[in-house]
Amino acid sequence: MCGIAGIIYRDGAKHPIGVEMTRMLQSMKHRGPDSTGYALYGAPPQGEFVMRFKLADANTPRDFEFEDRLRRHRYEVESRLAALGARVHVVEEETPYAFRVGFDFDGGLKLLTDLVEDIPEAEVLSLGRSLEIVKDLGDAETVHRQYGLDDFTGTHAIGHVRMATESEVDIAGAHPYWAYPYSDVAVVHNGQLTNYFYWRRRLERAGRRFMSECDSEIIAVYLAEEMDKGSSLSDAMHRSLEELDGVFTYIAVTKDELGVAKDELAAKPLVLYESDELVALASEEIAIRQLVDHEIETYDPYEREVLVWQR
Amino acid sequence: MAAVGETRITYDARGLAEPIADAPRIATVDGGVARFDAKDLTTRTINLELRRLLYEEGVKEVVVDNPQSRHSLAVGILRRCRITFNGSLGYFGCGIVDGPEIHIKGRVGWSACENMMSGVVVVDSNAGSLTGAAMRGGDLVVKGRVGARTGIDQKGGTIIVCGDAGSMNGFMMQRGRQIILGDVGPGLGDSMYDGTIYVGGKVKSLGIDCVPGEWTEADTEFIERKFRIYGLGSPPALQKFVCGKVLYNYDSLEPAERKLVI
């Protein structure tokens, strides 16, 4: 089933999107209580890169060497970043296994990501100048508390509550997905893709990496591939309607755009609210009403619609 | 010890079940009209209060303020009564109702009036997909636009949509009528068995076995009557679509039956 939500402010100023997205996602908990994820866009103060990575999954067996291994791997990440010439400002430990690192870097992001992910069990959840992906098991309030999202301000955000149907309940299988190796691109998805293996094989041959067996990861990787060829987000999303099979409603975001696409059956719900101040969209209107205190005019986009907004 | 007929929640690891509650008894009754504010109530307590008023107190008219897009409100109301929602409803609103006249001053989400048996539901704004799914009787009037698959599996009654409609409207409908004044998406009336769909705007494409029908006096009378009842002005020019019945194979016999006949 899954629930998705997105919010983008038109003024480009910072708003408390961490708190707002939690309220939206918590109201849709019944759509997916397994895991919750956020892709939040808040520009860091110095225009530096922010990387979120994890060194173990939330439900990895905690064996005797677990803590020791985390310590060694974290040290390994930091030394590899330093060896590449990245100037690390801050490494924050969000949970014992999930970290946030801010750094300046001039080189290629693909190489950097590959070197970090070469460390056993390491996964880069997001990388960009404003994108930060936070995802973990449990409902929105649990993840919000765990990762301290109270003070997170930004311009736009997407979120996802997951009811796992096709792959495991772990952080690797949770949304949103980062479009490796593109900075600041992320996707959430509600639905099933039926030509998953076709696209997975095809994209793997093209050198893309997959960190989970979740069909939704295809969308992020597919969009990254299209944008690599020079397409805009909107063009890539239009093409995805032709090339991805199945039922889906997905939201894709870049550092200044938020777009939504629906399949040709309009099989998965989406409610859209547009005002002068913001655009909010979610699987259920009840989530949008968490942001807006008065009666609102909303509608469901039709089949094969692609809509993109700028901040 | 649970009383007979009471269901207790014994296992709820994910914290999704709504706790068992009693009707909040907050409605004020004035001149036979009951009114309550649903702002601080849950789905369950709103429905309990509604049922208490209609079934126990015998009130004939209820006004609910601030429904706040909650799901599954006013489901299974089997009385003749009048209910007004001052605001939008979420999914599954007014399902399986038999008798009431419901006015929703806002929007409804997916699957509104599912399996409606009789009565009238008027929605002032837009509706989601699957509106009036498996509807059996009564009138459903949506003043705004609707999503996809409106009146899927419709078995009776009338659905009137003043705005546009999405894809696959009247999919597998078996009886009843739909009047859509705006444009409709692809696959209109796909695999319909019977019934009639009237369209005022453009039709993107017809579904399998849905064909234009012949306009009769009865159609004019029906449309004018419905427009008069709901104050929709004078009806525009409409196209009529019915089932082509080429998919019908009721007359063909099963292999075993064929042997008997021969």
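Procedures and definitions
Residues numbered from 1 in each chain as written. Chains lettered and ligands numbered in written order. Predicted model: local features only at pLDDT ≥ 70, side-chain atom pairs only at ≥ 80, totals over all residues. Helix = DSSP H or I, 4+ residues; strand = E, 2+ residues; numbered from the N terminus. Contact = placed C-beta atoms within 7 Å. Pairing = 2+ DSSP bridges. Axes fitted to C-alpha atoms, helices over the stretch in contact; angles between N-to-C directions. pLDDT = per-residue confidence, 0-100. Nonpolar A, V, L, I, M, F, W, Y, C, P; charged D, E, K, R; others polar. Buried ≥ 20, exposed ≤ 12 C-beta atoms within 10 Å, placed from the backbone.

**Student:** Tell me what's going on with the environment of glycine 163 of chain B, and back it up with residues and numbers.
**Tutor:** Residues and elements named next belong to chain B. Here glycine 163 is to be found in the loop between strand S8 (155-161) and strand S9 (175-180). Sequence separation between glycine 163 and glutamate 214 is 51 residues, and the spatial gap between their C-alpha atoms is 24 Å. Apart from residues no more than four positions distant in its own chain, glycine 163 is found in contact with Gly144, Arg145 and Gly182.

**Student:** Which residues make up the sheet that holds strand S4 (residues 87-95) of chain A, and what values do they have?
**Tutor:** Residues and elements named next belong to chain A. Read from one edge of the open sheet, four strands run S4-S5-S3-S6, paired in antiparallel fashion. Strands at the two margins of the open sheet, each flanked by one partner only, are S4 and strand S6 (123-128). Strand after strand, the sheet turns through a mean of 20 degrees between neighbouring axes, direction not considered. Bridging between strand S3 (residues 49-54) and strand S5 (residues 98-104) involves six bridges; their strand directions are antiparallel.

**Student:** So what about the confidence of the model for chain B? Which residues, and what values?
**Tutor:** With 95% of its residues at a pLDDT of 70 or more, chain B shows a mean pLDDT of 92. Across the interface, the model reports ipTM at 0.89; the global pTM reads 0.92.

**Student:** Outline the interface of chain B and chain A, listing residues and values.
**Tutor:** Contact with chain B, which involves 24 residues of that partner, is made by 16 residues of chain A. Looking at the side of chain B that touches chain A residue by residue, the class counts come to four nonpolar, 16 polar and four charged.

**Student:** Any chance you could break down helix H1 (residues 17-27) of chain A for me, citing the residues and the numbers?
**Tutor:** Residues and elements named next belong to chain A. Within H1, eight of the eleven residues are buried, which leaves it mostly tucked inside the rest of the structure. Inspection of H1 places Ile17, Gly18, Glu20, Met21, Thr22, Met24, Leu25 and Ser27 among the buried residues, and these make up the whole buried set. Here the buried face of H1 lies against strand S1 (3-9), strand S2 (35-41), helix H4 (140-147), strand S8 (156-162), strand S14 (278-282) and helix H8 (285-288).

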